[in-house]
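Results of the structural survey
Residue strings, one per chain:
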Amino acid sequence: MEFTLGQVASILEGKVEGDENQKVSRLDKIQEGKPGGISFLANEKYTPFIYETEATAVIVSNDFSATKEFKTNLIRVEDAYNGFTKLLEAYAMMMKSSIVGVEEPSFIDPSSQIGDQAFRAAFSYIGKNCKIGESVKIHSHVHIGDRVQLGDHVIIHAGAKICADTIIGDNCEIHPGAVIGSDGFGFAPQGDGTYKAIPQIGNVILEDNVSVGANSTIDCATMGSTLIKKGVKIDNLVQIAHNVIIGENTVIASQTGISGSTVIGKNCIIAGQVGIIGHLNIADNTTIGAKTGIIKGIKKPGFTHFGYIGMDMKNFLKSYSIFKNLEGMEDRIKELEKKQ
Amino acid sequence: MEFTLGQVASILEGKVEGDENQKVSRLDKIQEGKPGGISFLANEKYTPFIYETEATAVIVSNDFSATKEFKTNLIRVEDAYNGFTKLLEAYAMMMKSSIVGVEEPSFIDPSSQIGDQAFRAAFSYIGKNCKIGESVKIHSHVHIGDRVQLGDHVIIHAGAKICADTIIGDNCEIHPGAVIGSDGFGFAPQGDGTYKAIPQIGNVILEDNVSVGANSTIDCATMGSTLIKKGVKIDNLVQIAHNVIIGENTVIASQTGISGSTVIGKNCIIAGQVGIIGHLNIADNTTIGAKTGIIKGIKKPGFTHFGYIGMDMKNFLKSYSIFKNLEGMEDRIKELEKKQ
Amino acid sequence: MEFTLGQVASILEGKVEGDENQKVSRLDKIQEGKPGGISFLANEKYTPFIYETEATAVIVSNDFSATKEFKTNLIRVEDAYNGFTKLLEAYAMMMKSSIVGVEEPSFIDPSSQIGDQAFRAAFSYIGKNCKIGESVKIHSHVHIGDRVQLGDHVIIHAGAKICADTIIGDNCEIHPGAVIGSDGFGFAPQGDGTYKAIPQIGNVILEDNVSVGANSTIDCATMGSTLIKKGVKIDNLVQIAHNVIIGENTVIASQTGISGSTVIGKNCIIAGQVGIIGHLNIADNTTIGAKTGIIKGIKKPGFTHFGYIGMDMKNFLKSYSIFKNLEGMEDRIKELEKKQ
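On a predicted model such as this, the values are computed, not experimentally measured, just so you know.

A word on the overall build of chain A. From N to C terminus, chain A includes 5 helices and 40 strands. When its C-alpha atoms are laid out on the principal axes, chain A stretches across 85 × 80 × 30 Å. Split into buried and exposed, the 340 residues of chain A put 56% on the buried side. Carbon and sulfur atoms form 49% of the exposed surface of chain A, whose accessible area is close to 14,100 Å². Side-chain charges of chain A comprise 33 positive and 39 negative groups, with the mean position of each set lying 7 Å from the other.

So, in structure tokens, the structure goes:
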């Protein structure tokens, strides 16, 4: 889709400096701008590129003043970054488009209901007694088990598996290959060394505005619900075990694992490859650095934890800086021992 | 499905205290019990809830004696936890139900055989020359490659991929998105810095009663077989590389990775996010703590290993407790140096 | 497929010692050789097995001289390992076979083009405006989004998801369940503690000869491209975040995660469970040991890094060996303090 710079300026409530009839059809990075593209300049570090870019236009903030000649057209707005983001959203919305309809072959059990404005791709599968809201997009190879409930404006990307009895709120987005509601890992040891599966009869609940990354897994509860509260954002390849509860607006980066029955507070930031053992409580507003292992509950909200066994981050870094030269420390002890 | 408390008591060989005609249709946690639900009390910590629960009935052990009033009905059995587990199994069995039949469209090459009482969901795929046992449940979007053999009572959940030549024993359960028999990661370095794939012509064998978690991956052997022995339980997002052998009844938690050709003993417990390098032997009955790295074989059976580079767990924790205050230790050395 | 030993010798340009009319149909390990199989002996450690193996034939190097009797036939070649590899490749080629054609039901939007000699399995999905080269094999449950481009001789294994706008070069192999082009994990914090998704409008480019392992995930760029250069080999369950660039012929083992916008050099070797934070530059020819965390860029090419926070590997191992006995070190300090 093509827009004139005049049209773009009007969307952004900005002003064109240059030829407002030129057209753009693509968003480019300023350092990679090519004719037909529009870029933005919001970080001083990138200012030199404005004098070189081949992009047709660059969005700049009102206070930008050039120190050299440049070839591109400008669109001046109050805040260049916000302006660009607004444009990005409009563009993304058009790209995701509002696909509606049914591709065949697809499968839906007649006992299931689905709202208006839905998209069901070829090879999508919807089991029995499901209740699915409006404007839901179900892409190819999605499996939706029996008795699943989906809110409005949910997007389930290709190949995601939503197991039986899962409940998903409005505006959730499940990325490709994610598995929601698989059996929890619960086995009872038997006298002879073997294990017997403990039936996992609970479910998973995702409240509104939750995002789950590609190939992540969220197990159902043994009983009751594994609960992911409003606004939680989960990256790729994350593991959430049975009966975990995650508080509102907590963010979890890639390859982190949270063991069974742990309760995470709200507004936490958990970096990548973190491991948290089971049955812990983690306070609100906790930050956990990448690769940290958490083996004890965290009671005080608002702290940053880090380390192989997580501790106060500054403390860990101090100790680690000495660890790096433990040999030197040992030498000093030897020296002292000699001099006695 | 609804049962009267009298019926439940008769299944559990217990005795109702209260109204044996009341009905339950759901299993609840005692602290979340609602009318129509049945709970259990097996852990003293939860005793206070019996006086508050709204569950219709609670299963208790014979030795329970109330110290306050309560509203719920009791079912007394010898052991409340075992009783509840029995009920749970009966319930899970009914829920998984005994789906049988074929949903369309599904795909099976005419050269493949499948036993009685099978379920094949819509969009399930079975390649050439497969031999599939009785009462096998193959859910939607399952891929079964050529020459695969499945025993009796195998469940392959939605979207799992069973690659060519894999052999799976009786009563195995493969959870959604798991990949069994993908190519091992073997590349021969060439003179010019590039790599050439080494053909991976072996397969994967899962013996009886093996469980593989959601989105886990088990690679086929370069030659011969990657072998997962009887009763092994594997959690979600676990990686098992080519030519690994895992002994009977070993349990492996989420996000653990085991590198090529390593042989793990039987009855081991391997926690989450563990990494074990290739070509090692790990003794029977070994326990490995979460996030541990194992870079040397383990010869003595029955020990617990832990740490960034795994060692005796007590030793690691002692050293780590000193590590936490290395700064203090350095201060003591400085003090000694001053006083010389 | 069966070959006489005479035929095998002629493929390998070697010489049969024994009965050249005997037939083999299988490749066996020498220690597990059975009649009908052919093995090789390239490592002295395995020499004892040649006197015991039941394999019909063993490939040996010209300089092999037996010290005992044996039952098997020999095929002498210049280099036994190379000879066997040659055979392995021929065998693998036959097994993967050159499947061609379309199984039904499959889905391809009429606006998409696909070259000759293609295979499209049942339940494979190809969206709009795709350009797909020659001899491409698309297995069951593969999703190919809109505007995807695939080069020649690409293999997409069962259940892999190639999201919209991805570009894949010649001879790439994408293993089962891998996800290429999922949305990057980018969210803008809002004033009220919630997050808003930042549209991810870039794509992923895989150059020629790239391999991506089972259930690995590669996110699309926020803008521009996540770029995996020629010859890169990626193992299972690896996470590559948005806007990452990986240099030619770099190898990445299982469960490693690379955060957003990091640039990895060429010819690097990155072991399993490594984590690299975002916005770093890693020099060419860098080796990173298993489980290492990288939190700073690496400027000097050709070094080996290791440790919870990566450092020079020898340094880490020295410090760790002292860490193991920190208690002993503390005792020495106590001793010194007493004697003052």
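With that settled, consider the interface of chain C and chain B. In this assembly, 63 residues from chain C lie in contact with 62 residues from chain B. Counting the surface lost from both chain C and chain B, the interface buries some 4,800 Å², and carbon and sulfur atoms represent 66% of this. Remark: the boundary between chain C and chain B carries 2 salt bridges. With a shortest N-O distance of 2.9 Å, B:R332 and C:E337 are connected by a salt bridge.

Taken together, the contact pairs 63 residues of chain A with 62 residues of chain C. Summed over both sides, the interface between chain A and chain C buries roughly 4,800 Å², with carbon and sulfur atoms accounting for 67% of that surface. Where C:R332 meets A:E330, a salt bridge forms, and the shortest distance between an N and an O atom there is 3.5 Å. Counting the contacts that link chain A with chain C gives 25 residue pairs in polar contact (both at pLDDT 80 or more). Looking at the side of chain A that touches chain C, the elements with two or more residues in it are α3 (80–96), β28 (233–234), β31 (251–252), α4 (313–323) and α5 (326–339) of chain A. Split into classes, the residues belonging to the side of chain A that touches chain C amount to 31 nonpolar, 16 polar and 16 charged.

For the rest of this paragraph, the subject is the relation of the copies chain C and chain B. Here chain C sits on chain B after a turn of 120 degrees about the axis and a move of 0.0 Å along it, with an RMSD of 0.1 Å. These values place the two chain copies in the arrangement generated by a three-fold rotation axis.

As a further point, take the pattern of salt bridges. This model, assessed by the stated rule, comprises 18 salt bridges over all chains. Between C:E335 and C:K338 there is a salt bridge whose closest N-O contact spans 3.8 Å. Of this pair, C:E335 and C:K338 both sit in helix α5 (residues 326–339), 3 residues apart, which is roughly one turn of the helix. Take C:K338: its relative accessible area is 65%, and that puts it in the exposed class. In the salt-bridge network here, residues are joined through shared partners; they are A:E330, A:E337 and C:R332.

A separate point is the domain arrangement of chain A. Looking at the assigned domains, one finds that chain A contains domain 1 (3–97) and domain 2 (101–317). The centre of domain 1 of chain A, based on its C-alpha atoms, is set 38 Å off from the matching centre of domain 2 of chain A.

Here we take up the environment of A:E54. Among the structural elements, A:E54 can be located in the loop between α2 (47–50) and β6 (57–61). Judged by its relative accessible area of 42%, A:E54 falls in the partly exposed class.

Further remarks concern the sheet that holds strand β27 (residues 225–228) of chain A. The strands that make up a sheet pair up through hydrogen bonds in the backbone, lying either parallel or antiparallel. Residue and element names in this part refer to chain A. Pairing is parallel across the open sheet formed by 9 strands, whose spatial order is β10-β13-β16-β19-β24-β27-β30-β33-β36. With partners counted over all chains shown, the strands left at the sheet margins are β10 (113–114) and β36 (281–282), one partner each. In the sheet, strand β19 (residues 167–168) pairs with strand β24 (residues 203–206) via 2 bridges, with the strands oriented parallel. Pairing of I167 across the sheet is with I205, part of β24.

Okay, the side chain of B:T292 next. Locating B:T292 in the fold gives a position in the loop between β37 (287–288) and β38 (293–294). Here B:G289 takes part through its backbone oxygen, which lies 2.8 Å from a polar atom of the side chain of B:T292. Setting aside residues no more than four positions away along its own chain, B:T292 makes contact with A:Y308, B:Q273, B:V274, B:G275, B:H305, B:F306, B:G307, B:G310 and C:K291.

What follows is about unusual backbone geometry. Looking along the chain, the bond that leaves B:E104 and enters B:P105 is cis, with omega of 0 degrees. Along the chain, the position of B:P105 falls in the loop between β8 (101–102) and β9 (107–108). In this structure, C:N129 is a non-glycine residue whose phi angle is positive, near 55 degrees. Within the fold, C:N129 resides in the loop between β12 (125–126) and β13 (131–132).

This paragraph deals with the packing of α5(A) against α5(C). Their axes nearest at 10 Å, the elements α5(A) and α5(C) cross at an angle of 30 degrees. Looking at the two axes, α5(A) sits roughly parallel to α5(C). Considering the relative orientation of α5(A) and α5(C), their crossing is left-handed. Residues A:L326, A:M329, A:E330, A:I333, A:K334, A:L336 and A:E337 of α5(A) touch α5(C), and the partners they reach there are C:L326, C:M329, C:R332, C:I333 and C:L336. Residue composition of the contact of α5(A) with α5(C), grouped by class: 8 nonpolar, no polar and 4 charged.

This part covers helix α4 (residues 313–323) of chain C. Residues and elements named next belong to chain C. Along α4, the residues classified as buried are F316, S319, Y320, I322 and F323. Here the buried residues of α4 occupy an arc of 160 degrees about the axis, which is enough to place them on one side. The N-cap residue of α4 is D312: its side-chain oxygen and the backbone nitrogen of K314 are 3.3 Å apart.

On to the pairing of strand β24 (residues 203–206) of chain B, then. Across 4 bridges, β24(B) lies against strand β27 (residues 225–228) of chain B in parallel orientation. Its bridge partner being in β27(B), B:L206 is matched across the sheet by B:I228.

We now examine the sheet that holds strand β19 (residues 167–168) of chain B. All names here are of chain B. The 9 strands lie next to each other as β10-β13-β16-β19-β24-β27-β30-β33-β36, forming an open sheet whose pairing is parallel. Since the sheet does not close on itself, it has two edges, and those belong to β10 (113–114) and β36 (281–282), each with one partner. The pairing of β10 with strand β13 (residues 131–132) spans 2 bridges and is classified as parallel. Looking at the pairing, Q113 lines up with K131 of β13.

For the rest of this paragraph, the subject is helix α5 (residues 326–339) of chain B. Taking 1.5 Å per residue as the helical rise, α5(B) with its 14 residues ought to reach 20 Å, and the 20 Å between its terminal C-alpha atoms agrees with that figure. For α5(B), the complete set of buried residues consists of B:L326, B:G328, B:M329, B:E330, B:I333 and B:L336. Looking at the buried side of α5(B), the elements it contacts are α4 and α5 of chain A, α4 (313–323) of chain B together with α5 of chain C.

Before going further, it helps to examine the UniProt feature "active site" (unreviewed entry) in chain A. Residue and element names in this part refer to chain A. The UniProt feature table records "active site" (unreviewed entry) at H242. One can find H242 in the loop between β29 (239–240) and β30 (245–246). Accessibility expressed as a relative area gives 15% for H242, which makes it buried. Those residues in contact with H242 that lie beyond four places of it in its chain are G184, F185, G186, Q200, D219, C220, A221, T222, T226, G260 and S261.

Scanning the entire structure with this criterion turns up 42 aromatic pairs over all chains. Seen from their ring centres, B:F123 and C:F123 are 5.7 Å apart, and the 80 degrees between their planes marks the pair as edge-to-face. Pair noted here: B:F123 is in the loop between β11 (119–120) and β12 (125–126) and C:F123 is in the loop between β11 (119–120) and β12, and the two residues belong to different chains. By relative accessible area, C:F123 is classed as buried at 0%.

With that out of the way, let us pick up the pairing of strand β7 (residues 73–77) of chain C. Consecutive side chains of a regular strand alternate in pointing toward one face of the sheet and then the other. Residue and element names in this part refer to chain C. Burial analysis of β7 places 5 of its 5 residues in the buried class, the great majority of the element. Across the two faces of β7 the burial is the same, with N73, I75 and V77 and L74 and R76 all buried. Judged from the 3 bridges that link them, strand β2 (residues 15–17) and β7 form a sheet pairing that is antiparallel. Paired with V16 across the strands is I75, a residue of β7. As paired strands, strand β6 (residues 57–61) and β7 are joined by 5 bridges and run parallel to one another.

What counts, and at which threshold
Residues numbered from 1 in each chain as written. Chains lettered and ligands numbered in written order. Predicted model: local features only at pLDDT ≥ 70, side-chain atom pairs only at ≥ 80, totals over all residues. Heavy atoms only, no water. Helix = DSSP H or I, 4+ residues; strand = E, 2+ residues; numbered from the N terminus. Buried < 20%, exposed > 50% of the residue type's maximum accessible area, 1.4 Å probe, protein only. Areas by Shrake-Rupley, 256 points an atom, 1.4 Å probe, with all protein chains shown as cover. Lys, Arg positive; Asp, Glu negative; His and termini not counted. Charge placed at Lys NZ, Arg CZ, Asp CG, Glu CD. Contact = heavy atoms within 4.5 Å. Buried area = accessible area lost by both parts, 1.4 Å probe. Salt bridge = Lys/Arg side-chain N within 4 Å of Asp/Glu carboxyl O. Polar contact = N/O pair within 3.5 Å; in protein donor to acceptor, adjacent residues only side chain to side chain. Nonpolar A, V, L, I, M, F, W, Y, C, P; charged D, E, K, R; others polar. Least-squares fit on C-alpha atoms with pLDDT ≥ 70 in both. Domains from an automatic or database assignment. Pairing = 2+ DSSP bridges. Axes fitted to C-alpha atoms, helices over the stretch in contact; angles between N-to-C directions. Parallel < 35°, antiparallel > 145°, perpendicular 65-115°, else oblique. Left-handed = near helix turned anticlockwise from the far one by under 90°. Arc of directions from axis to C-beta. Expected span 1.5 Å × (residues − 1). UniProt positions renumbered as here; feature names shortened; annotations may be inferred. Phe/Tyr/Trp six-rings, centres within 6.5 Å; stacked < 30°, edge-to-face > 60°.

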